[in-house]
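# Descriptive analysis of the structure
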Amino acid sequence: MIMKNLSDAEIIESVKKGNTADYSILLDRYKNRAFSMLKRMLKNDFEAEEVLMDCFLKAYNNLHTFKCEAKFSTWFYRIVYNTALTKLSSTKRKIENEMSSVDDLHFLESKYRADELVTENISDIIKKIIEELPEKNAAIITMFYLEEMNCEEISDVLKISVSNVKVILHRSRNLLKEIIGERNLFKEVL
Amino acid sequence: MNINNDILNRYLDGDLNSKEIDEVNRALDNSTELKKEFDALSRIHNILSKQQVDQTKSDFTNLVMLKIRKKSKSENEQKIFLITILFFFGVITLGIVGFVLYQILSTVPSTADSTNTLNSLGKNLNNFFSDLFSKNRITLFGSILSFVMLVSAYFLFEFQKHSGKNLMI
């Protein structure tokens, strides 16, 4: 119980000293949120879990290179994001990063229309719609809302400018609004 | 100020200054269309804020820790293996050096003075290595060395294969 209250830096120091078991505290702390991000980027539960495992192993193997002046979360999410991109490119499932209009989302047509969603709750509908966004948009939405990271931290993770993060965040919100409008889901969702 | 979608998003994120906020508030009061657009964005923002975190499998932590432990164990085994191989080569080298010295010293006359002893040692050393790497023996020497290296490489390969299997769950 006492260990659970330790900061990330303290846990990392302990792991570096040879207390490998303490790494499980970091695992428990980040696994679900990182899994949510991967699920929305990879759009596949099984692959998301596989990649997440890979990310935790990579982080453990490179823990000696981590400097405690930086935040572990930023460092770890960078590993998660980059590993997800590698996975996407290796499975040739990478789709366009930028989309200027909902017309580009032709692959979304006829999915999850209002009459098909009687039994699903709002949270599931939103999850499915976010999973359909381009991976960068999905990652930013997840980091901003689920991880509660600010735009500066997100820009550190993605290695892009803060203004770019804001542009993508705004565009993602607009895309979600348009998708929901296109599918007549306003009543169900909003 | 032209109140567009970008301004509304910045308003939602709290990125505007007080003067800009006043302008947006006025614009929202005066335009039903703008108010409708802002309400839709605001609802999206609220729903996204209330998203729930997905859960991994219950044994996920155990699986990762198991892999880490197996990897650490495998790394330790690799270290032991390398130390053993190095020790093996060290013993062989020491044996060869010892044998060479023994051969040289056994041929030096015990009554000779220090200058003669040094000269004699040098000559013997030269003769010994000339003999060791002579045409007849170099082939045998090379064959033994190649055999030892092949056996070590085989064991190293088998060990790596075994370590690889250990990491698979």
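This text follows the structure it describes.
## Notes on the overall build of chain B
From N to C terminus, chain B includes six helices and zero strands. For chain B, the sequential pattern of α-helices and β-strands runs α-α-α-α-α-α. Within chain B, buried positions represent 6% of all 169 residues. Across chain B, the fraction of contacts at a sequence separation of at least 24, relative to all contacts at a separation of at least 6, is 55%.

## Thoughts on the overall build of chain A
A count of helices and strands for chain A gives nine helices and zero strands. Seen in sequence order, chain A has helices and strands lined up from the N terminus as α-α-α-α-α-α-α-α-α. Per-residue burial over chain A gives 36% buried out of 190 residues. Across chain A, every contact between residues at least 6 apart in sequence was considered, and the portion connecting residues at least 24 apart equals 64%.

## Some details on unusual backbone geometry
Residues and elements named next belong to chain A. In this model, lysine 43 sits at a positive phi of 60 degrees, which is unusual for a non-glycine residue. Its location among the elements puts lysine 43 in the loop between α2 (23–42) and α3 (45–61). Here lysine 159, not a glycine, exhibits a phi torsion of approximately 60 degrees, which is positive. You can see lysine 159 is positioned in the loop between α7 (151–158) and α8 (162–182).

## With respect to the interface of chain B and chain A
Contact with chain B, which involves 27 residues of that partner, is made by 30 residues of chain A. Of all elements in the fold, only α1 (5–13), α3 (32–49) and α4 (60–107) of chain B reach the threshold of two or more residues within the side of chain B that touches chain A. With nine residues, the single largest contributor to the side of chain B that touches chain A is α4 of chain B. In the side of chain B that touches chain A, the residues fall into 11 nonpolar, 10 polar and six charged.

## Re α1 of chain B
Among the residues of α1 of chain B, those classed as buried are Leu8, Asn9 and Tyr11 of chain B. Buried residues of α1 of chain B, viewed axially, fall in a sector of 155 degrees; they line one side. The elements touched by buried residues of α1 of chain B are α8 of chain A together with α2 (18–30) and α3 of chain B. Glycine 14 of chain B, located one to two residues past α1 of chain B, shows a positive phi value of around 75 degrees.

## Observations regarding the nonpolar core
Residue and element names in this part refer to chain A. Residues Ala34, Leu38, Leu52, Val80, Ile140, Met143 and Ile154 are the most contacted members of the largest nonpolar core, which totals 55 residues. Here this core takes 10 residues from α2, the largest share from any one element. Setting aside residues no more than four positions away along its own chain, leucine 38 makes contact with Ala48, Val51, Leu52, Val80 and Ala84.

## Considerations on the packing of α7 of chain A against α8 of chain A
The description of two packed helices rests on the angle between their axes and on the distance between the axes. All names here are of chain A. Look at α7 against α8: their axes get within 8 Å of each other, and the N-to-C directions meet at 105 degrees. Taken together, the axis directions place α7 and α8 in an arrangement best described as roughly perpendicular. Across the interface between the two elements, Cys151, Glu152, Ile154, Ser155 and Leu158 from α7 touch Val162, Val165 and Lys166 from α8. Of the residues in the contact of α7 with α8, the class split is five nonpolar, one polar and two charged.

## Description of the environment of phenylalanine 76 of chain A
All names here are of chain A. Checked against the element boundaries, phenylalanine 76 lands in helix α4 (residues 72–90). Each C-alpha atom of the pair phenylalanine 76 and phenylalanine 66 lies 9.7 Å from the other, and the pair is 10 residues apart in sequence. For phenylalanine 76, the residues in contact, after removing those within four places along its chain, are Tyr30 and Ala59.

Quick notes on the rules
Residues numbered from 1 in each chain as written. Chains lettered and ligands numbered in written order. Predicted model: local features only at pLDDT ≥ 70, side-chain atom pairs only at ≥ 80, totals over all residues. Helix = DSSP H or I, 4+ residues; strand = E, 2+ residues; numbered from the N terminus. Buried ≥ 20, exposed ≤ 12 C-beta atoms within 10 Å, placed from the backbone. Contact = placed C-beta atoms within 7 Å. Nonpolar A, V, L, I, M, F, W, Y, C, P; charged D, E, K, R; others polar. Arc of directions from axis to C-beta. Core = buried A, V, L, I, M, F, W, Y, C linked by C-beta atoms within 7 Å. Axes fitted to C-alpha atoms, helices over the stretch in contact; angles between N-to-C directions. Parallel < 35°, antiparallel > 145°, perpendicular 65-115°, else oblique.

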